[in-house]
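# Working through the structure, step by step
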Amino acid sequence: MNWNKNNNNNNPWGPGGNNPWGSGGQSNNADFEDSIKKAREKFGRFKIGGPRNISILIIVALLIWLATGFYRVEPDEQGIELLFGKWNQTTTEPGLHYFFPTPIGKAMTPKVENVRKINVGYRSASELGFSAGSNNDRNVLEESLMLTGDQNIVDVNFTVLYKIKDAGKFLFKLRNPETTVKDMSESVMREVVGQRDLEFLLTGGRQEVEQVVRSDLQVILDEYESGVLIQSIQLQSVNPPTLVIDAFDEVQRARQDKEKLVNEANSYLNKIVPNARGDAAKLVQEATAYKEQVIKQAEGVAQNFIDVYNSYKDTKYVTRQRIYLETLTEVLEGPNKIILDSTGEGQGVVPYLPLNELNKNKANN
């Protein structure tokens, strides 16, 4: 529907009523123009393009830019300052510091107290994308198989725990620090294992191997200026290769049987030898006692002969008579004796009086 300006009866807002574009529109436009004019006059007093204002803006912007050079290092961090992208060979301790702002300078604050872990010889379930609790570790044979000092092969899985002791060296001295630590730890482990026998590695040598590998690895990393501190080496498993585990178990059983037999033989030896030594000592002591007895008896007989000889020299007749009587006593001792007269006179037989028999009969009565 079209409305004529002069036809107020056809105006839907009525004659001069609330029509914003009606007869009252001219006054509204004037008010709007006045408002614009006043705003222009008000803001026109401040000239952005003036030299003084531009200087102020530049100074404010410069101060804001310089303020961006402040940075904070947390207690578990180290500060690294880069000047035009190059490390200035210094590290800053925890606290508030200042360095050139971007793009002249740049500050980095890597975490240095976090203990990092590298698995060598196997990959854990978390590394393979499985849940942490699942038992899906995978063995990496090209890393785990090592040659021992007695020409055997052993499957070694271990973990390297390390921290950053110098963030600047860690970030800028090595191209890939984690790969370097992994490769060097594997190399040192192979060297240490190659100097020891398999039996030692499988029994009581785990702790010694861990300590030696940690010490040697730290020395090498310090020579490389890696900025790495080795916390510990943890042997996860030391076993024969899976392909020969049955044969190895058979060898171990044979060794155990051998050790058992050797122990039994040593036990028998320890039992027999002391007994034999005791018997030998007893025989020696008996022989020594018999020797002393014979010597003493011989010395006694010799001394008796000497005494008899000395007595004989002093009193020959008495001594001869005494010896004669003693000899007759020994010879004639005992029953059933017949004495014959050797002179030829008489009957030749001396009557025998059985005094011993008489004594026996008397004793029986």
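Notes on the structure follow. Just so it is clear, the model here is predicted, and its values are computed rather than measured.

From N to C terminus, the protein includes 10 helices and 11 strands. By the burial criterion, 23% of the 365 residues in the protein qualify as buried. Just so you have it, the protein exposes about 27200 Å², and 55% of that area is on carbon and sulfur atoms.

Pairing geometry for strand β2 (residues 79–83) and strand β3 (residues 86–92), over 4 bridges, is antiparallel. Bridge pairing in β3 links G79 to T92. Taking the residues that link successive antiparallel strands as the turn, the β2-β3 hairpin has 2 residues, and the phi of F84 there is positive, at about 55°.

Attention shifts here to the pattern of salt bridges. Taken as a whole and assessed by the stated rule, the structure comprises 12 salt bridges. In this structure, E74 and R72 form a salt bridge, with 3.6 Å as the shortest nitrogen-oxygen distance. According to the relative accessible area criterion, R72 is exposed, its value standing at 55%. When salt bridges with common partners are traced through the structure, they connect D76, E77 and K111 into a single cluster.

For the pair helix α8 (residues 245–314) and helix α9 (residues 316–332), interaxial distance at closest approach is 5 Å and the crossing angle is 130°. Comparing their axes, α9 and α8 come out oblique. Each of V308, S311, Y312, K313 and D314 in α8 lies in contact with α9, whose residues at this interface are K316, T319, R320, R322 and I323.

Another point: the environment of I104. Mapped onto the elements, I104 comes out in the loop between β4 (95–98) and β5 (105–108). According to the relative accessible area criterion, I104 is partly exposed, its value standing at 26%. Excluding residues that lie within four positions of it along the chain, I104 makes contacts with W65, L82, L83 and F84.

Our next topic: the side chain of T180. Among the structural elements, T180 can be located in helix α5 (residues 177–193). We classify T180 as buried; its relative accessible area is 18%. Setting aside its immediate chain neighbours within four residues, T180 contacts L174 and Y224.

What follows is about the packing of aromatic side chains. In this structure the tally under the stated criterion is 3 aromatic pairs. With a centroid separation of 5.4 Å and an interplanar angle of 70°, the aromatic rings of F99 and F100 are classed as edge-to-face. The exposure class of F99 is buried, given its relative accessible area of 9%. Relative accessible area serves as the criterion here: at 46%, F100 is assigned to the partly exposed category.

Right, let's get into a nonpolar patch on the surface. On the surface, I59, L62, L63, W65, L66, F70, L96 and Y98 cluster together to form a nonpolar patch covering roughly 790 Å² of accessible area. Put simply, the parts of the chain that give the nonpolar patch at least two residues each are α2 (51–67) and β4. Per-element tally for the nonpolar patch: the top contributor is α2, with 5 residues. Looking at the secondary structure, you find F70 in strand β1 (residues 70–73).

Right, let's get into the nonpolar core. Judged by nonpolar contacts, the single largest core of 33 residues is most densely connected at V156, F158, M189 and I230. Those elements that provide at least two residues to this core are β2, β6 (116–120), β10 (153–164), α4 (167–172), α5, α6 (198–202), α7 (206–223) and β11 (228–239). If we ignore the near neighbours within four places in the chain, the residues touching M189 are M146, V156, F158, V209, V213, I233 and L235.

Following both chains from N to C, one finds α5 and α7 inclined at 130°, their axes separated by 9 Å at the closest point. In terms of orientation, α5 and α7 fall into the oblique class. You can see that α5 and α7 cross each other, and the crossing is right-handed. Of α7, the residues touching α5 (which contributes V181, M184, S185, V188, M189 and V192) are V209, V212, V213, D216, L217, I220 and L221. Residue composition of the contact of α5 with α7, by class: 11 nonpolar, 1 polar and 1 charged.

Both trends apply: most residues other than glycine have a negative phi, and most peptide bonds are in trans. In this chain, T102 is followed by P103 through a cis amide linkage whose omega measures 10°. In this fold, P103 is placed in the loop between β4 and β5. In this model, Q89 sits at a positive phi of 65°, which is unusual for a non-glycine residue. Along the chain, the position of Q89 falls in strand β3. Phi is positive for E225, which is not a glycine, with a value near 55°. Here E225 is to be found in the loop between α7 and β11.

Calculation criteria
- Residues numbered from 1 in each chain as written.
- Predicted model: local features only at pLDDT ≥ 70, side-chain atom pairs only at ≥ 80, totals over all residues.
- Heavy atoms only, no water.
- Helix = DSSP H or I, 4+ residues; strand = E, 2+ residues; numbered from the N terminus.
- Buried < 20%, exposed > 50% of the residue type's maximum accessible area, 1.4 Å probe, protein only.
- Areas by Shrake-Rupley, 256 points an atom, 1.4 Å probe, with all protein chains shown as cover.
- Pairing = 2+ DSSP bridges.
- Salt bridge = Lys/Arg side-chain N within 4 Å of Asp/Glu carboxyl O.
- Axes fitted to C-alpha atoms, helices over the stretch in contact; angles between N-to-C directions.
- Parallel < 35°, antiparallel > 145°, perpendicular 65-115°, else oblique.
- Contact = heavy atoms within 4.5 Å.
- Phe/Tyr/Trp six-rings, centres within 6.5 Å; stacked < 30°, edge-to-face > 60°.
- Patch = residues over 30% accessible without salt bridge, like charges linked within 9 Å, V, L, I, M, F, W, Y side chains within 5 Å.
- Core = buried A, V, L, I, M, F, W, Y, C linked by side-chain atoms within 4.5 Å.
- Left-handed = near helix turned anticlockwise from the far one by under 90°.
- Nonpolar A, V, L, I, M, F, W, Y, C, P; charged D, E, K, R; others polar.

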